[in-house]
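# Breakdown of the fold
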Amino acid sequence: MPPPFLPARSKLPDVGTTIFTVMSQLAAEHGAINLSQGFPDFPAPAGLLDRVTHHLQAGHNQYAPMSGLPALRAQIARKTLALYGRAVDPDTEVTVTSGATEALFCAIEAVVQAGDEVLCLDPAYDSYDPAIRLAGGRPVHVPLRQPDFAVDWDRVRAAITPRTRLLILNSPHNPTGAVLSAKDMAALTDMVRGSRLLLLGDEVYEHIIFDSRRHESLLRHPELADRSLVVSSFGKTYHATGWKIGYCVAPAALTREFRRVHQFVQFCVVTPMQWALADFLESDPGHYLELPAFYQAKRDRFCELLAPSRFRFTPSAGTYFQLLDYGAITDEADVAYARRLTIEAGVACIPVSVFCAEPLATPLLRFCFAKDVATLERAAEILCRI
Ligand code: PMP
Ligand code: GLN
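Keep in mind it's a predicted model, so treat the numbers as computed, not measured. (Residues numbered from 1 in each chain as written. Chains lettered and ligands numbered in written order. Predicted model: local features only at pLDDT ≥ 70, side-chain atom pairs only at ≥ 80, totals over all residues. Heavy atoms only, no water.)

### Some remarks on the site of ligand 1
Of all residues adjacent to ligand 1, which total 13 residues, the nearest are T101, D202, Y205, K236 and K244. In the model, an oxygen atom of ligand 1 is placed 2.6 Å from a nitrogen or oxygen of the Y205 side chain. A distance of 2.6 Å separates an oxygen atom of ligand 1 from a polar atom in the side chain of K244. Considering ligand 1 on its own, with 400 Å² of exposed area, one finds that the protein chains cover 93% of that surface. For the shell around ligand 1, the residue count by class is five nonpolar, five polar and three charged. (Near = heavy atom within 4 Å. Polar contact = N/O pair within 3.5 Å; in protein donor to acceptor, adjacent residues only side chain to side chain. Areas by Shrake-Rupley, 256 points an atom, 1.4 Å probe, with all protein chains shown as cover. Nonpolar A, V, L, I, M, F, W, Y, C, P; charged D, E, K, R; others polar.)

What follows is the structure in structure tokens.
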């Protein structure tokens, strides 16, 4: 019998350790090349790191304001206007968070009431579902269309009930690399018009988008932006995933609710990094404009190296992930095969089924190509021998 002071029931009984931790640990234990958890193996921009050192030494080491440093919120507002044409008030519509993870969690806790339904499009990033359930909501998983992982708007529409409160959209999409188009935004606008549906945009890969596609931020579309909480992450943009700094842009009424939660989840975000990001956004606004070309070269190199392999793939449209279909190699389940690849071949990846409520039509693994070319070459050489 467990001691009586332990909880009788878990609040998340079917949740284990996240796949990112599991696969990164396995990669470390077996000395495998880690293309599983998404993070770069190259440094953040030197100019940004210099600003961190400066602000640490300048004594910017106490609590920042709860909603974020004003200078950083101002830069986020400036960027939102420059990129998406949306004028947002940095004081009432922008909140700096401890990564996108915290922003997503706070957004969901802020707007989902007990019994509300929340639509997630599968494969769905793994933090959405538990956050919805902790808020007392019910996640409703709608599969993306296969094999291109486009949104099937008829299916989404069919899943809406009078209890549906929120739709979570992620573009560019992790893990598939799919990207929403202008046509999708038109279908979405049509679908939500006149409804009480709110939108949560997970746009952490907003700058990692290829082949001249345009990122269709919810913030570009006034009718959508008026009912949206939009989340991004400096971790992705500045090759600094370990900093865990992100933000949420939302109309004042939604931001008010968002901050009610944020102030008790995190209160405020690490101060010297916020100063450094504010400086760098001001001095180097071009950095993120170069990211599409920077990552597209890595995607192209990785795909070129894998062309002779037995894996099948369509080059990713965005994010720093490439899906590989291994159906021609084995009929093993993806979780088992990802483990075996890590342990026996020495390349770690992420099995895609863990992000899905229903089985996938094809067996898929996700590989992160945010790596130096030498790392990609070593990994591809192994994958081509399989
Ligand atoms: N959403 C998606 C789709 C992600 O891929 C990630 C992290 N890779 C996050 C949210 C979380 O971002 P952060 O590390 O800034 O918390
Ligand atoms: N978002 C990253 C990925 O998709 C991992 C984040 C995490 O480890 N929680 O790989």
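### Observations regarding the site of ligand 2
Every residue near ligand 2 is listed here: F20, Q37, G38, Y125, N174, K236, F321 and R366. Between ligand 2 and Q37, the relevant distance is 2.6 Å, taken from an oxygen atom to a side-chain nitrogen or oxygen of the residue. Protein contact buries 80% of the 300 Å² of open area that ligand 2 shows by itself. Looking at the shell around ligand 2 residue by residue, the class counts come to three nonpolar, three polar and two charged.

### Let's talk about the packing of aromatic side chains
Applying the stated criterion across every chain, the model contains 18 aromatic pairs. When the ring of F234 is compared with that of Y238, the centres are 6.1 Å apart and the planes differ by 20 degrees; the resulting orientation is stacked. Residue classification places F234 among the buried residues on the basis of a relative accessible area of 3%. Here the aromatic rings of F302 and F367 are separated by 6.5 Å at their centres, their planes lie at 50 degrees, and the arrangement is tilted. Of this pair, F302 sits in helix α12 (residues 291-306) while F367 sits in strand β12 (residues 364-368); the two residues are 65 residues apart in sequence, bridging distant segments of the chain. For F302, a relative accessible area of 0% corresponds to the buried category. Exposure remark for F367: the relative accessible area of 0% places this residue in the buried category. Three or more aromatic residues link up through ring pairs in this structure, and these residues are F42, Y205, F294, Y295, Y320 and F321. Stacked on the ring of Y288, the Lys or Arg K79 has its end atom at 4.5 Å from the ring centre. Against the face of F39 rests K371, its NZ or CZ located 3.9 Å from the ring centre. (Phe/Tyr/Trp six-rings, centres within 6.5 Å; stacked < 30°, edge-to-face > 60°. Buried < 20%, exposed > 50% of the residue type's maximum accessible area, 1.4 Å probe, protein only. Helix = DSSP H or I, 4+ residues; strand = E, 2+ residues; numbered from the N terminus. Lys NZ or Arg CZ within 6 Å of the ring centre and 35° of its normal.)

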